[in-house]
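Examination of the molecular architecture
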Amino acid sequence: MSHLAAMQPELIPATSAPVEDCCYCWYVLHPCMPFPESWTSTICTDHSAWLLAQLARRREQRLREQVIAA
Ligand SMILES: [Zn+2]
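Residues numbered from 1 in each chain as written. Predicted model: local features only at pLDDT ≥ 70, side-chain atom pairs only at ≥ 80, totals over all residues.

Quick look at the overall build of the chain now. Along its length, the chain carries three helices and zero strands. Tracing the chain from N to C terminus, the helices and strands come up as α-α-α. Counting the 70 residues in the chain, one finds 10% classified as buried. The long-range share in the chain, meaning contacts at least 24 apart out of those at least 6 apart in sequence, stands at 18%. (Helix = DSSP H or I, 4+ residues; strand = E, 2+ residues; numbered from the N terminus. Buried ≥ 20, exposed ≤ 12 C-beta atoms within 10 Å, placed from the backbone. Contact = placed C-beta atoms within 7 Å.)

Here we take up the confidence of the model for the chain. Predicted confidence across the chain gives a mean pLDDT of 85, with 86% of residues reaching 70 or more. Confidence, expressed as mean pLDDT per element, reaches its minimum in the chain at helix α1 (residues 2–5) with 48 and its maximum at helix α3 (residues 45–69) with 93. (pLDDT = per-residue confidence, 0-100.)

So, about α3. Across its 25 residues, α3 extends 36 Å between first and last C-alpha, which sits within 8% of the 36 Å expected from 1.5 Å per residue. The buried fraction of α3 amounts to one of the 25 residues, a small share that puts the element mostly on the outside. (Expected span 1.5 Å × (residues − 1).)

This is how it looks when you write it as structure tokens:
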């Protein structure tokens, strides 16, 4: 559940078709309520694409920092 602890709801983009059992859509739909712990969290297609894009961006940024530091 570490990915939940690191979540910053204000950075999560809304999608055109929110899925309630996607933990990211949940935060968009219910910003004040924690995702129900008894639920198995899934990630909808839109948010998995968003996550992948974020990871790619972070990796790119790290590479750029390494080039600057070298
Ligand atoms: Zn979602």
